Amino acid sequence: LLDLALQAAAPERVSVGVCQQHDARVDADCTALLALHFPSFLSRVSLIHLPPSPPLGPVVARSRSHTLHSGEEFVLQVDSHSRFAFGWDEAAALALLDTSQRRAILTQYPPGFAFL
């Protein structure tokens, strides 16, 4: 979440819906770093918390996260381990608008990255 917010050209135009499946007794909340480094962005984040058991998997999490959609013009679906290039929000919106299709879909399998 922190990388998504920091790399957005216009973070004030980005809303985030998260389905987090974790055990709050032992796992950090996914907004912890965001709260430390970009607290003003927290108001842009909607969360659904799910318990770790039974494991529901990514399909259920993606389905649940879509219930957080509030009529935004664009939707981007990513996994928790995604990293973003600066200006990703404007680049993605322009790419969609360039298609001149009302219901266009852009898709990509993102490259891997290494923790340093």
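What you see is a predicted model; the values in this text were computed from it and never measured. (Residues numbered from 1 in each chain as written. Predicted model: local features only at pLDDT ≥ 70, side-chain atom pairs only at ≥ 80, totals over all residues. Heavy atoms only, no water.)

## Side note on the overall build of the chain
Scanning the chain from N- to C-terminus turns up 4 helices and 2 strands. Ordering the α and β elements of the chain from the N terminus gives α-β-α-β-α-α. Its C-alpha atoms give the chain principal-axis dimensions of about 45 × 30 × 30 Å. Within the chain, the fraction of its 116 residues that count as buried is 24%. As displayed, the chain has an accessible area near 8,700 Å², and 57% of this comes from carbon and sulfur atoms. (Helix = DSSP H or I, 4+ residues; strand = E, 2+ residues; numbered from the N terminus. Buried < 20%, exposed > 50% of the residue type's maximum accessible area, 1.4 Å probe, protein only. Areas by Shrake-Rupley, 256 points an atom, 1.4 Å probe, with all protein chains shown as cover.)

## A word on unusual backbone geometry
For the bond from Ser 53 to Pro 54, the omega torsion is -5°, close enough to zero to count as cis. Of note, Pro 54 is situated in the loop between strand S2 (45-50) and helix H3 (57-66). Positive phi, close to 55°, is recorded for Ser 100, a residue that is not glycine. Considering the arrangement of structural elements, one finds Ser 100 in the segment after helix H4 (88-98). You can call Ser 100 exposed: its relative accessible area is 64%.

## Let's talk about H4
Among the residues of H4, those classed as buried are Trp 88, Asp 89, Ala 93 and Leu 96. Projected onto a plane normal to the axis of H4, the buried residues spread over an arc of 125° and lie on a single side. What points out from H4, more than 90 degrees from its buried face, is the exposed set Leu 94 and Asp 98. In this structure, the buried residues of H4 make contact with helix H1 (2-7). Positioned one or two residues after H4, Ser 100 has a phi angle of 55°, which is positive. (Arc of directions from axis to C-beta. Contact = heavy atoms within 4.5 Å.)

## Quick notes on the state of the cysteines
Counting across every chain of the model gives 0 disulfides. Just so you know, Cys 19 is unpaired, no disulfide at all, and the nearest cysteine sulfur is the one on Cys 30, 9.7 Å from it. Judged by relative accessible area, which is 16%, Cys 19 ranks as buried. Looking at Cys 30, the relative accessible area reads 28%, which means it is partly exposed. (Disulfide = S-S within 2.5 Å.)

Limitation: the analysis is restricted to geometry and does not speak to function.
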